[in-house]
Amino acid sequence: GHVVESGGGLVQPGGSLRLSCTASEIRHTINTNDWYRQAPGKERELVATITSQGTTRYADAVKVRFTISRDNGKNTTYLQMNSLKPEDTAVYYCHVGATDYIYEYEYWGQGTQVTVSS
């Protein structure tokens, strides 16, 4: 399976970006689509999750400002990021959690840089 992110870039504080994550050739049942981020010198952290049932969860730091969504027909997950802050600067990674009901599988994208700066 493959997971590819796109949509990162440089944006001013208060601006918006939309990240996309397209999954392909994942032959197992997908449980969750997630976005993680890792800032320089910090550990990777979970930003947002959408389950196969459509339930969403967010880190406290991004609640209200970020929205995760999924287009099943396009196998694509989105992260709409509004009111961006300098502390949102990080490499953002797409993650897919899947299962064959015996084992769990994880798929990671290569990451996309988001820089919030004036």
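Per-chain numbering applies: the sequence of each chain, read as written, is numbered from 1 onward. Note on the predicted model: pLDDT of at least 70 is required for a residue's local features to be given, and 80 or more for side-chain atom pairs to be given and counted; whole-chain, interface and lining totals, by contrast, use all residues. Hydrogen atoms and water are omitted, and side-chain values are computed over all heavy atoms in the structure.

Enquirer: I'm lost on the pairing of strand S4 (residues 29-38) in this one. Help?
Expert: A regular strand places its side chains on the two faces of the sheet in alternate fashion. By the bridge criterion, nine bridges tie S4 to strand S9 (residues 90-99) in an arrangement that is antiparallel. Residue pairing in the sheet places Thr 32 in a bridge with Gly 97 of S9. A pair of strands is labelled paired if DSSP reports no fewer than 2 bridges between them. Helix and strand assignments follow DSSP, with helices taken as H or I runs no shorter than four residues and strands as E runs no shorter than two, numbered in order from the N terminus. As paired strands, S4 and strand S5 (residues 45-51) are joined by six bridges and run antiparallel to one another. Residue pairing for S5: Trp 35 is matched across the bridge by Ala 48. Counted between consecutive antiparallel strands, the loop separating S4 from S5 contains six residues, among which Gly 41 sits at a positive phi close to 75°.

Enquirer: I'm lost on the layout of surface pockets in this one. Help?
Expert: Where empty space is left becomes clear once a probe the size of a water molecule has been rolled over the atoms. In this structure, the largest pocket occupies an estimated 170 Å³ of space. In terms of lining, the largest pocket is formed by Ala 23, Ser 24, Glu 25, Ile 26, Ile 30, Asn 33, Ser 52, Arg 70, Asn 72, Asn 75, Thr 76 and Thr 77. When residues of the lining of the largest pocket are traced back to their parent elements, those giving at least two are strand S3 (17-24), S4 and strand S8 (76-81). Each cavity reported here is a set of points on a 1 Å grid over the protein atoms alone in which a 1.4 Å probe fits but cannot get out, each pocket an open set with protein on both sides within 12 Å along at least five of seven lines, and each lining residue one with an atom within 4 Å of a point. Grid points are joined across faces, edges and corners, and a volume is the space filled by probe spheres set on the points.

Enquirer: What's the story with the pairing of S5 in this structure? I'm lost.
Expert: In terms of burial, S5 is a largely internal element, five of the seven residues being buried. Of the strand pairs in this sheet, S5 and strand S6 (residues 56-58) are connected by three bridges, and their pairing is antiparallel. When the bridges of S6 are listed, Ile 50 appears paired with Thr 56. Linking two consecutive strands that pair antiparallel, namely S5 and S6, is a turn of four residues; a positive phi of about 95° is found at Gly 54 within it. Buried residues are those whose accessible area, probed at 1.4 Å on protein chains only, stays under 20% of the maximum for their type, while exposed residues exceed 50% and partly exposed ones sit between those limits.

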